[in-house]
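# Fold and contact review
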Amino acid sequence: SMVEVVRKAEEKRLWWETRWRYEALILEDQVLLAMMYLRSYTTYLYLWAIFGVSESNAQRKSIKIENILIKSWLFSLPKKTLLQEQLESVIIDATEVQRERPVRRQKKSYSWKKKMHTLKAQLIVTQEWKIMKTSFAQWKVHDKVLYDNSKTMLHPQTKKKWDSWYQWLQKQISNVEIPYKSSKYKKLTKEERIHNHMLSKKRIKVENVIREVKIFDIFDETYRNKWRRFWLRFNLICWIVNHNKWF
């Protein structure tokens, strides 16, 4: 469990690092504080009122617990080599998280689709609702470019289900399923509409997984923290989602 991992990490610390330090919270409460911050994304002033520690101390405890859990291999996503093995199918989709307006390069982070400044995350999910890999972008970027920058290697025989944003990948990657698009010059046939409907029923799984990730209010509300901790927290929450599904 999380408490056991934190306890083992605390035991490995050198004795003179904690010789004169008084811990106001036991390990169980420290883990609860960190998870409560991710789940409700409340202020540290509110955590001070609940746990009886100062705002700065609550922030240090939360960051310490997150770092310990992230460094542990028990709380990491599956290895990239598993994607190179043949799977039945994978579903790939991206989501955007609202962020505070940056001081510099505001145009690069503004999403015209969401009408706000955003951070982007891309997920690769199996048919069994398991998150296999994530990739991130700090600035505005197309979904296909984000996938190319992640340098993901998928098995040629694995079925890949994407939405219409990845239509250019059909010429580069084999075994790809993408919905048909209509235009004013060409309407969709009955077979094409049935294909799109069946594909959307399969792709809804990745939308449900994204919804479970955004149950944690830190990614549902405006992200107020630094970028370098965004992808660390996102991967940690993805592991929690996998854990709830598989264990």
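The following paragraphs examine the structure supplied in this document.

Analysis parameters
Residue positions are given per chain, counted from 1 along the sequence in the order it is written. For this predicted model, a pLDDT threshold of at least 70 governs which residues receive local features, and a threshold of 80 or more governs which side-chain atom pairs are given and counted, while totals over whole chains, interfaces and linings are taken from all residues. With hydrogens and water set aside, each side-chain value is computed from the structure's full complement of heavy atoms. For this document, the term salt bridge refers to a Lys or Arg side-chain nitrogen within 4 Å of an Asp or Glu carboxyl oxygen. Only DSSP runs of H or I covering at least 4 residues are called helices, and only runs of E covering at least 2 are called strands; the numbering of each starts at the N terminus. Between buried and exposed lies partly exposed: a residue is buried under 20% and exposed over 50% of the maximum accessible area for its type, with that area taken using a 1.4 Å probe on protein chains only. Cavity and pocket criteria rest on a 1 Å grid covering protein atoms alone: a 1.4 Å probe that fits but cannot get out defines a cavity, protein on both sides within 12 Å along at least 5 of 7 lines defines an open pocket, and an atom within 4 Å of a point defines a lining residue. Grid points are joined across faces, edges and corners, and a volume is the space filled by probe spheres set on the points. The residue classification treats Ala, Val, Leu, Ile, Met, Phe, Trp, Tyr, Cys and Pro as nonpolar and Asp, Glu, Lys and Arg as charged. All others, Gly included, are polar. Note on ring pairs: Phe, Tyr and Trp rings are taken, using the six-membered ring of Trp, and paired if centres are within 6.5 Å. Classes follow the plane angle, with under 30 degrees stacked, over 60 edge-to-face and the rest tilted.

## As for the pattern of salt bridges
Tallying each qualifying case throughout the model produces seven salt bridges. For Asp148, the salt bridge is made with Lys144, and the minimal N-O distance between the two is 2.8 Å. With a gap of four residues between them, Asp148 and Lys144 both fall in helix α6 (residues 143-150), about one helical turn apart. Judged by relative accessible area, which is 32%, Asp148 ranks as partly exposed. Via salt bridges that share partners, Glu66, Arg229 and Arg233 belong to a single interconnected network.

## Topic: the layout of surface pockets
The space that makes up the largest pocket amounts to roughly 440 Å³. For the lining of the largest pocket, the secondary-structure elements that each account for two or more residues are β1 (89-98), β2 (110-111), β3 (116-126) and α7 (190-213). Looking at which element gives the most residues to the lining of the largest pocket, the answer is β1, with four residues. Of the residues that constitute the lining of the largest pocket, the class distribution is eight nonpolar, five polar and 10 charged.

## Some details on the packing of aromatic side chains
For any pair of aromatic rings, geometry is given as the distance between the ring centres together with the angle between the planes. Under the defined criterion, the tally for this structure stands at 12 aromatic pairs. For the ring pair Phe219 and Phe230, a centre distance of 5.3 Å and an interplane angle of 80 degrees mean the geometry is edge-to-face. With a gap of 11 residues between them, Phe219 in helix α8 (residues 217-220) and Phe230 in helix α9 (residues 230-246) connect regions that are remote in the sequence. Between Phe230 and Phe234 the ring centres are 5.9 Å apart and the planes differ by 40 degrees, which places this aromatic pair in the tilted class. Here the residue Phe230 and the residue Phe234 both occupy positions in helix α9, the gap between them amounting to four residues, near one helical turn. Neither residue differs from the other here; Phe230 and Phe234 are each classed as buried. In this structure an aromatic cluster arises from ring pairing among Phe136, Phe219, Tyr223, Trp227, Phe230 and Phe234.

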